[in-house]
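This is what each chain is made of:
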Amino acid sequence: MDTLKEPLQQQKMTQTGDIWVWKNYENQEFCVKNVKLAPSQNLDINSSPNNYCWNNWATGKSAAFVWRVIDEKIPSAVALRNRGMNVHDVTCKICGADDETAVHILLKCNLAKRIWEAVSTWTRIPTVNSVSSITELLQMILEGQRSRTVRKMLHAIAIETMWILWKNRNDEVFTGRHRAAQTIIEDIKVTTFLGVKIRSKHSTITKQEWWDFNLNM
Ligand SMILES: [Zn+2]
């Protein structure tokens, strides 16, 4: 009651009519423009932008997933512990060799390395084991010596590969289901083949051409 009385007693009554106001703009009558301005004032213009390139030949889910990966916003064991969750063991459940971060699951884990090796052999991109981050990997693909169309396909394959690796990790962690590397690679080929056929204008690509990655474009 005292806490309520105090601000009420300080309030001076005037003859002017009541108006709606928006916080930080108390001397102006409410307008939508000030609401819009409020969040933009909290933006840190010095933070480096996430220059993620959206690829509409990959599924929306996988593209959005990789966008979150770049800012380390996926719930890996280390990320959950950093957010204050009580995770007693942050070791990777697949290889047990290192802490489970996003870059570990999708790039550095033994399983991820095997999958990327198979993807580079299949698509004839340079081996990705030398790159240290997901951003670097995507950049390498986008700046490679291939035609624009093939680079976009490779970029979609990379996005889908990471999404499939993440789904596989969730299966292992939550249901204990183990999939062989060969099954995962087949899954990547099938998913990306259907994705490119449905979403790009290159719907005439045959399964054989995709499996051999023998594309004249
Ligand atoms: Zn691992």
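From a predicted model like this one, the values you see are computed outputs, not experimental measurements.

Caption draft 1: Local environment of a nonpolar patch on the surface. Taken together, the side chains of Met1, Leu4 and Leu8 make up a nonpolar region of the molecular surface, amounting to roughly 370 Å² of accessible area. Structurally, Met1 can be placed in the segment before α1 (2-10). A residue is classified by how much of its surface remains accessible, and Met1, at 70% relative accessible area, is exposed.

Caption draft 2: Structural detail: the domain arrangement of the protein. Here the protein is described as being made up of domain 1 (14-43) and domain 2 (60-212). Centre-to-centre separation of domain 1 and domain 2, based on C-alpha positions: 46 Å.

Caption draft 3: Focus on helix α8 (residues 148-175). For α8, spanning 28 residues, the distance from its first C-alpha to its last is 40 Å, which sits close to the expected 40 Å at 1.5 Å a residue. The positive-phi residue at the C-terminal boundary of α8 is Gly176, with phi of around 70°.

Caption draft 4: Structural detail: the side chain of Arg179. Counting through the fold element by element, Arg179 comes out in the loop between α8 and α9 (181-199). At 3.3 Å, the side chain of Arg179 and the side chain of Asp187 are in polar contact. Setting aside residues up to four positions removed in sequence, Arg179 forms contacts with Ile164, Asn168, Glu172, Ile184 and Asp187.

Cut-offs applied
- One numbering rule holds for all chains: residues counted from 1, following each sequence as written.
- Side-chain atom pairs in this predicted model are given and counted only at pLDDT of 80 or more, local residue features only at pLDDT of at least 70, and totals for whole chains, interfaces and linings cover all residues.
- Side-chain numbers come from the whole structure's heavy atoms, not from hydrogens or water.
- The residues that make up patches have over 30% relative accessible area and no salt bridge, and they are joined within 9 Å when like-charged or within 5 Å when they are Val, Leu, Ile, Met, Phe, Trp or Tyr.
- Only the protein chains shown count as covering a residue, and every accessible area follows the Shrake-Rupley method with a 1.4 Å probe.
- When a carboxyl oxygen of Asp or Glu is within 4 Å of a side-chain nitrogen of Lys or Arg, the pair counts as a salt bridge.
- Put simply, DSSP marks the helices as runs of H or I at least four residues long and the strands as runs of E at least two long, and each gets a number from the N terminus on.
- A simple rule labels every residue: compare its accessible area, found with a 1.4 Å probe on the protein chains alone, to the largest value its type can have, and call it buried under 20%, exposed over 50%, or partly exposed in between.
- Domain delimitation follows an automatic or database domain assignment.
- Take the residue count of a helix, subtract one, and multiply by 1.5 Å to get its expected span.
- Here a polar contact is recorded for every N or O atom pair within 3.5 Å, except that within protein the pair must consist of a potential hydrogen donor and a potential acceptor, and residues adjacent in sequence are included only if both atoms are side-chain atoms.
- Whether two residues touch is decided by their heavy atoms; if any such pair falls within 4.5 Å, the residues are in contact.

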